Amino acid sequence: QVQLEESGGGVVQPGDSLRLSCAASGRAFSTYNMGWFRQAPGKEREFVALIGRGGTTSYGDFVQGRFTISRDNAKNTANLQMNGLKPEDTAVYYCAADQRYFGKTGNRYDYWGQGTQVTVSS
């Protein structure tokens with residue numbers, strides 16, 4: 001079992017950057033595939049990025065090279081570097097973990113954090 005806590009959200013202007021972190025407590029973080037999802041008001045949850053146990057990454061189509069997901073197994077963290085933020089990136093960002101599933105379907109992940117708010121506004 002793993003507990004997840006996101007941090008790093010905030011209010012920024014268009015074009016700015018943010019670095020989100022997901023801290024995991026529990027055992028064997030390195031055995032989990034880690035995903036980032038987001039949900040804007042009135043919209044469905046959306047896949048953002050994922051990183052597998054071995055470091056393989058995948059991104060949502062909207063990312064278009066602006067975001068980078070990484071993990072530090074020594075520190076039990078998964079990070080999402082977001083550059084070139086746009087107003088449409090405004091959402092609550094969640095990290096998720098699963099030991100078996102590696103994919104873009106949020107319902108397949110067993111563990112979720114509480115989320116961190118990202119607001120992009122001029």
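The structure reproduced in this document is the subject of the present report.

Reading the values: rules and limits
- Residues numbered from 1 in each chain as written.
- Predicted model: local features only at pLDDT ≥ 70, side-chain atom pairs only at ≥ 80, totals over all residues.
- Heavy atoms only, no water.
- Helix = DSSP H or I, 4+ residues; strand = E, 2+ residues; numbered from the N terminus.
- Core = buried A, V, L, I, M, F, W, Y, C linked by side-chain atoms within 4.5 Å.
- Buried < 20%, exposed > 50% of the residue type's maximum accessible area, 1.4 Å probe, protein only.
- Contact = heavy atoms within 4.5 Å.
- Disulfide = S-S within 2.5 Å.
- Pairing = 2+ DSSP bridges.

**Quick notes on unusual backbone geometry**
- A positive phi angle is found at Gln64, which is not glycine, with a value near 50 degrees.
- Structurally, Gln64 is set in the loop between strand 6 (57-59) and strand 7 (67-72).
- Within the chain, Asn76 stands out as a residue other than glycine whose phi angle is a positive 55 degrees.
- Along the chain, the position of Asn76 falls in the loop between strand 7 and strand 8 (77-82).

**Some details on the nonpolar core**
- Met34, Trp36, Phe67, Leu80, Met82 and Tyr93 are the most contacted members of the largest nonpolar core, which totals 29 residues.
- With near-sequence residues (within four places) excluded, Met82 lies in contact with Asp16, Ser17, Leu18, Leu20, Arg66, Phe67, Tyr93 and Val118.
- Listed in part, the six residues of the second largest apolar core include Phe37, Leu50, Tyr101 and Tyr109.

**Describing the state of the cysteines**
- A complete count under the given rule lists one disulfide for this structure.
- Sulfur-sulfur distance for the disulfide between Cys22 and Cys95 comes to 2.0 Å. The S-S bond linking Cys22 to Cys95 shows a torsion near 55 degrees; that makes this disulfide right-handed. Taken together, the positions of Cys22 in strand 3 (residues 18-26) and Cys95 in strand 9 (residues 91-98) put the pair 73 residues apart, joining distant regions of the chain.
- Accessibility expressed as a relative area gives 0% for Cys22, which makes it buried.
- For Cys95, a relative accessible area of 0% puts it in the buried group.

**Focus: the pairing of strand 11 (residues 116-120)**
- Side chains Thr116, Val118 and Val120 of strand 11 all project onto a buried face; the interleaved residues Gln117 and Thr119 project onto a face where none is buried.
- Note that strand 2 (residues 10-12) and strand 11 share three bridges and pair parallel. Bridging across to strand 11, Gly10 finds its partner in Val118.
- Relative to strand 11, strand 9 runs antiparallel, the two being bridged by three bridges. Looking across to strand 11, one finds that Val92 is bridged to Gln117.

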